Structure formats: structure tokens, C-alpha cells
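# Architecture at a glance
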Amino acid sequence: MAKDGGPDWNGLLKWSLAHGDGTNPPRALSEEDRKWFMEAMQANTVDVVKRMKEITQVMRTPEDVLESQGVTPENIEEMLDELQEHVESIDMANDLHSIGGLDPLLGYLKNSHAGIRAKAAEVVSTIVQNNPKSQQLVMESNGLEPLLTNFKSDPSTSARTKALGAISSLIRHNQPGISAFRLGNGYSGLKDALGSDDARLQRKALNLIQYLLHNNKADRSVATELGFPKMMMHLASSDDSLVREAALSGLLELAQDKTSGNTLPDQDKLKDILKSRIEGISTMDADDLHAAREERQLVDSLWKECYNEPSSLREKGLVVLPGEDAPQQPPPDVAGKMFEPPLRAWAAARPAPKDDSDSGNEKKDAPPLLLGPGPTSNSN
């Protein structure tokens, strides 16, 4: 074993190469070799259920007791990072409730530390994503309520954004969840999010709005009454390309609704905005044009939907560039990409944690501090 107590990977590699380089027939292992090999392999084996039970024990422990044990908020966030890795397996996600871990996790959504609230919401999002059973369990545990509270009023923008991400995963393909979101005044929270100055929060709000409008036609009149079209027009000129795409996608969803009273307002202003985007796209270099593929197609589709004629992008040959496939109908599903489920089938056994660009977390070398004797020095 290595001096630090971890697996002796260099020794294991040398042993493997020496005993299985393919040049000689395999030989029987001696009892000493077999024992060494098993110890080296088992040293890095984690009993996931056991670890989840240990994490559950910590989550159930009062905050003042944890503090007396030397456990810091940063330790809790690291612990939740580990829990998130485990629950990317759909079986482990469902087992969290069975071992009593779901309710204390939801309790962390009300924690006094913003980082813990944000990380707890991120774990909830992973648990319910593309998982109807866990969606139901979270709904039955009233998990939507604290998520809505954090989304609408948390002083931390990060906690608001993570709560919205969890809500999006919780109510997707979940009609009771969508109904509860409406009753919980979720649309007013989306309106506030559109008016924020945080691009990530705006993007998540726009993507959820587009999903709701696409799957619930009756909500289009609600969106119009709340002034979403005008806010989307403003965001269609955002400096953030993903915000622009999401705003254009939402506008196109509304423009396709031809029922009385649901037409987009201020068509002249919309035309000016689209002309400005066409001008901006027309001056892009080749690399930027390829990166703006979805925006190009959305601008052209929205122009055609509103004004019954192709946009000048099509005349300039900028809707479909050489080597690109023609856009499919309907146009690109910008919102759908934001809800891609993780590859749960291999998540539990993967060699490295999920690369989540939103969280900015790095893989930890050791499990976080759990309950134990009070520390005598400032160490984990």
C-alpha cells in the first residue's frame, strides 16, 4: 500500500504488466500474490449504501452538534458533492428515500448557509431528473415548497439559480408538479428571474418557460398577461448568446399560437430587434457564424412566422451554411438541451465525478469529515 494509506497504484500497475503482458501464458497466482492483489483492489472500493447511510446520519444531526464536532459548512458542501455522485445512479437516487436521507436533504434547502442551500438543490435536481419515482417522492415530501421559496426570494443568486434548476427537473413530465408550480405562483418567480441581471438565472428561466409553453398551451395566455413577450424581446438583444437563443425560442413558441388574443405585441419593435440581429449575424466571421447556428435558424423561423416571408438571412445564404444540414421542423429545441438527463446507467461506477460547469467543483481526494470525536486541532 502507498505511504498515505491509499492504493499502491504504481505497484499494482507493475504487477499487472508483469503478470499479463500477453507474451507468456498466464500462471497460477501464489497465495501471497492473490492476497496482495485483493487488498490493493478492495482498498479503493466504496460501499455506496453504507456511505449514503453515513451521510444521512450527518444530515440528521443538528447544526450546533456538528459545529461542536468541528464540522464546517464547507465540509457539508463537500459531503453533498459526494452524495450527488452516488445518486446519479437511479437506483441509489430512489434508495436515498428508503434509508431516510431524502427528508433531511430537503431540510438543507432551509439551511442558514447559502452554499449548502444551493448544493442541496443541486443534489435534488440530480435525484429527480428523468426519474418519475423520485419526482413523486419529493412531491409527497413537500420538496417543491422550499425550492419555490428559494427560487423566488433567496438573497443568494446562486441558491436561486440552483433552486430553479431543481424545480425544472422536478416538474418536467410531471403534471402534478406543473400544477403545484402554478398554484405556488411560480410564474411570478419566472418573471422576476427574467428581470434579473444574472445571465445564468435568465437562461434557466427562459428554458423552463419555453418548456411550459410548449407542453401546456393554456399557459400562453398567462405568459402574455404577465408581460413575458416584451421581456423576451428585450432579452433577444442580450450580450449572452445563450440568453438570446432561449429568448428567441420562447418568442417563436408564442408566435406559433394563432388563437385570439395571444399574438405577439408590438410587432414593429420585434421587427426592429430581428433586423438588428440579422445585421449582427451578417457581420460575423466564419467561426462565429457556425457557433450561432441555432440563433440564425431561430431568427429566420421567427421572421417567417410573424411576417409570412423568409428573412434576409435566407437570401444571404446564412440560414444554412455550406456543409450544414437543413434545419428540421420545428426549429431547434433550445430548452430541451438544458434538461438532458445524466447517464445514470454508468454514473455509480464511473472513474471521475460529473463535470458540472455550473458548480465549479473538483473531485475530492477523501470523504468529507463525518461525526466523530471533537477535534483537538484545526484539521480534518
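For the structure, see preceding data.
Residues numbered from 1 in each chain as written. Predicted model: local features only at pLDDT ≥ 70, side-chain atom pairs only at ≥ 80, totals over all residues. Heavy atoms only, no water.

### Considerations on the overall build of the chain
Here is the rule we go by: Strands here are runs of E lasting at least two residues and helices are runs of H or I lasting at least four, both read from the DSSP assignment and numbered beginning at the N terminus. When checking whether two residues touch, look at their non-hydrogen atoms; a contact exists if any pair is within 4.5 Å. Residue-level accessible areas treat just the shown protein chains as cover; the underlying method is Shrake-Rupley with a 1.4 Å probe.
Within the chain, the secondary structure is distributed over 23 helices and zero strands. Sequence-distant contacts in the chain: of pairs separated by 6 or more residues, those separated by 24 or more amount to 73%. With the model as given, the accessible surface of the chain reaches about 19700 Å², and the carbon-plus-sulfur share is 50%.

### Comments concerning unusual backbone geometry
The line we're drawing: With a 1.4 Å probe rolled over the protein chains alone, any residue whose accessible area is under 20% of its type maximum counts as buried; one over 50% counts as exposed, and the rest are partly exposed.
With a phi close to 50°, Asp266 is a non-glycine residue in the positive phi region. Positionally, Asp266 belongs in the loop between α17 (241–255) and α18 (267–282). The class of Asp266 is partly exposed, set by a relative accessible area of 41%. Here Asn308, not a glycine, exhibits a phi torsion of approximately 55°, which is positive. As for its placement among the helices and strands, Asn308 is situated in the loop between α20 (293–307) and α21 (312–315). Using a relative accessible area of 71% as the deciding quantity, one classes Asn308 as exposed.

### Examining helix α5 (residues 73–86)
Our working rule: The span expected for a helix works out to 1.5 Å for each residue beyond the first.
For α5, which comprises 14 residues, the first-to-last C-alpha distance of 20 Å matches the rise-based estimate of 20 Å (1.5 Å per residue) to within 8%. Packing partners of the buried residues in α5 comprise α3 (48–60), α4 (63–68), α6 (90–98), α7 (102–107) and α8 (114–128).

### Some remarks on the packing of aromatic side chains
So the rule is basically this: Pairing of aromatic rings covers Phe, Tyr and Trp, the last counted by its six-membered ring, and requires centre-to-centre distances within 6.5 Å; plane angles under 30 degrees mean stacked, over 60 mean edge-to-face, and any other angle means tilted. Either the NZ atom of lysine or the CZ atom of arginine qualifies as a charge over a ring when it sits within 6 Å of the ring centre and within 35 degrees of the ring normal.
In total, this model carries three aromatic pairs according to the counting rule given. Among the aromatic residues, those joined into a cluster by ring pairs are Phe181, Tyr187 and Phe228. Cation over ring: Lys271 sits above Tyr307, and NZ or CZ is 4.5 Å from the ring centre.

### Description of the pattern of salt bridges
Once their charged atoms are close, side chains differing in charge can pair, the charge on each being opposite to the other. The following threshold applies: Salt bridges, as used here, are contacts in which a Lys or Arg side-chain nitrogen is within 4 Å of a carboxyl oxygen on Asp or Glu.
Per the stated rule, a full pass over the model turns up 13 salt bridges. With its nearest N and O atoms 2.7 Å apart, the salt bridge here joins Asp154 to Arg117. Here Arg117 lies in helix α8 and Asp154 lies in the loop between α10 (144–153) and α11 (157–171), a separation of 37 residues in the sequence. When its relative accessible area of 10% is taken as the criterion, Arg117 is described as buried. Salt-bridge contacts for Lys119 lead to Glu122; the nearest nitrogen and oxygen are separated by 3.0 Å. One end of the pair is Lys119 and the other is Glu122, both in helix α8 and three residues apart, which spans about a single turn. Through salt bridges that share partners, Asp81, Lys119, Glu122 and Lys162 make up one connected network.

### Brief notes about the side chain of Asn94
Keep this limit in mind: Identification of polar contacts relies on pairs of N or O atoms within 3.5 Å, with a donor-acceptor requirement for protein atoms, meaning one able to donate a hydrogen and the other able to accept it, and with residues adjacent in sequence counted only if both atoms are side-chain atoms.
Structurally, Asn94 can be placed in helix α6. Side-chain polar atoms of Asn94 contact the side chain of Ser134, separated by 2.7 Å. Setting aside residues no more than four positions away along its own chain, Asn94 makes contact with Asn131, Lys133 and Ser134.

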